[in-house]
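Listed below, chain by chain, are the residues.
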Amino acid sequence: MTKNSKYILEIINHSKEHLTAEQIYLRLKEKNKKAVLATVYNNLASLYEQGLIRKVSVEGYPDRYDQTKRHDHLVCKTCGKLSDITLEDMTERLQKQVEIPMISYDLRIHYICNECLKKERNEGGGKE
């Protein structure tokens, strides 16, 4: 593993956010001034292929990167906000239902976050 790969993995594993490649790049630049964005994308692809990080894709938003620790996600349908949620591991139950070898699953629950709900109420209240 290269020095940049180690730094990127460290950035992801110590972040409480779901970072985009650009956000990771900015943090990497603090440790390695010579880093370029292509280095970040190449290392993210490699780390993902090795199963060392998770890639979370939400339609209409840039991919975000996350720790591999078992958890699920809440995704705001309005603003794309991504939050962690820890639910009961359903691997065994799903495995019985699908009857095929399962590697993993990624549960995303779509909702509307409190900020977007407040914004909708405020905009809706002003139109009457």
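Check the entry above for the structure.
All of the points below concern the structure found in this document. (Residues numbered from 1 in each chain as written. Predicted model: local features only at pLDDT ≥ 70, side-chain atom pairs only at ≥ 80, totals over all residues. Heavy atoms only, no water.)

**Quick notes on the overall build of the protein**
Phase 1: Helix and strand counts for the protein come out as five helices and six strands.
Phase 2: For the protein, the N- to C-terminal ordering of α and β elements is α-β-α-α-β-β-β-β-α-β-α.
Phase 3: The principal-axis extent of the C-alpha atoms belonging to the protein is close to 60 × 45 × 20 Å.
Phase 4: If you take every contact in the protein between residues at least 6 apart in sequence, the share linking residues at least 24 apart comes to 44%.
Phase 5: Within the structure as shown, the protein displays about 8,900 Å² of accessible surface, and the carbon and sulfur contribution to it stands at 51%.
Phase 6: When the 22 basic and 19 acidic side-chain charges of the protein are each reduced to a single mean position, those positions are 6 Å apart. (Helix = DSSP H or I, 4+ residues; strand = E, 2+ residues; numbered from the N terminus. Contact = heavy atoms within 4.5 Å. Areas by Shrake-Rupley, 256 points an atom, 1.4 Å probe, with all protein chains shown as cover. Lys, Arg positive; Asp, Glu negative; His and termini not counted. Charge placed at Lys NZ, Arg CZ, Asp CG, Glu CD.)

**Concerning the pattern of salt bridges**
Note that side chains of opposite charge can pair when their charged atoms are close.
Phase 1: In this structure the tally under the stated criterion is eight salt bridges.
Phase 2: A salt bridge links Asp89 to Arg70; the shortest N-O distance between them is 3.8 Å. Remark: Arg70 occurs in the loop between strand S3 (64-66) and strand S4 (72-76) and Asp89 occurs in the loop between strand S5 (82-85) and helix H4 (91-98); sequence separation between them is 19 residues.
Phase 3: For Asp89, a relative accessible area of 44% puts it in the partly exposed group.
Phase 4: Since its relative accessible area comes to 31%, Arg70 is described here as partly exposed.
Phase 5: It is possible to trace a salt-bridge network through shared partners that takes in Arg54, Asp106 and Arg108. (Salt bridge = Lys/Arg side-chain N within 4 Å of Asp/Glu carboxyl O. Buried < 20%, exposed > 50% of the residue type's maximum accessible area, 1.4 Å probe, protein only.)

**Quick notes on the sheet that holds strand S1 (residues 19-20)**
Phase 1: The strand order across the open sheet built from three strands is S1-S3-S2, with neighbouring strands paired in antiparallel fashion. Only two strands of the sheet have a single neighbouring strand rather than two, namely S1 and strand S2 (54-56).
Phase 2: In this structure, S1 lies alongside S3, joined through two bridges in antiparallel fashion. Bridge pairing links Thr20 to Arg64 in S3. (Pairing = 2+ DSSP bridges.)

**Let's talk about the packing of helix H2 (residues 21-31) against helix H3 (residues 37-49)**
Phase 1: It is the contact of H2 with H3, at a shortest axis distance of 9 Å, that shows an interaxial angle of 115 degrees. The crossing of H2 and H3 is right-handed. On the side of H2, the interface is formed by Ala21, Glu22, Ile24, Tyr25 and Leu28, while H3 contributes Leu37, Val40, Tyr41 and Leu44.
Phase 2: Tallied by class, residues from the contact of H2 with H3 come to eight nonpolar, no polar and one charged. (Axes fitted to C-alpha atoms, helices over the stretch in contact; angles between N-to-C directions. Left-handed = near helix turned anticlockwise from the far one by under 90°. Nonpolar A, V, L, I, M, F, W, Y, C, P; charged D, E, K, R; others polar.)

**Brief notes about unusual backbone geometry**
Phase 1: The phi dihedral of Glu99 is positive, around 55 degrees, even though this residue is not glycine.
Phase 2: Following the sequence through the fold, Glu99 ends up in the loop between H4 and strand S6 (108-111).

**Thoughts on the state of the cysteines**
Phase 1: This model, assessed by the stated rule, comprises zero disulfides.
Phase 2: No disulfide involves Cys76; its sulfur sits 3.7 Å from the nearest other cysteine sulfur, which is in Cys79.
Phase 3: By relative accessible area, which is 2% here, Cys76 ends up buried. (Disulfide = S-S within 2.5 Å.)

**Some thoughts on the pairing of S5**
Phase 1: Across four bridges, S4 lies against S5 in antiparallel orientation. Bridging across to S5, Leu74 finds its partner in Ser83.

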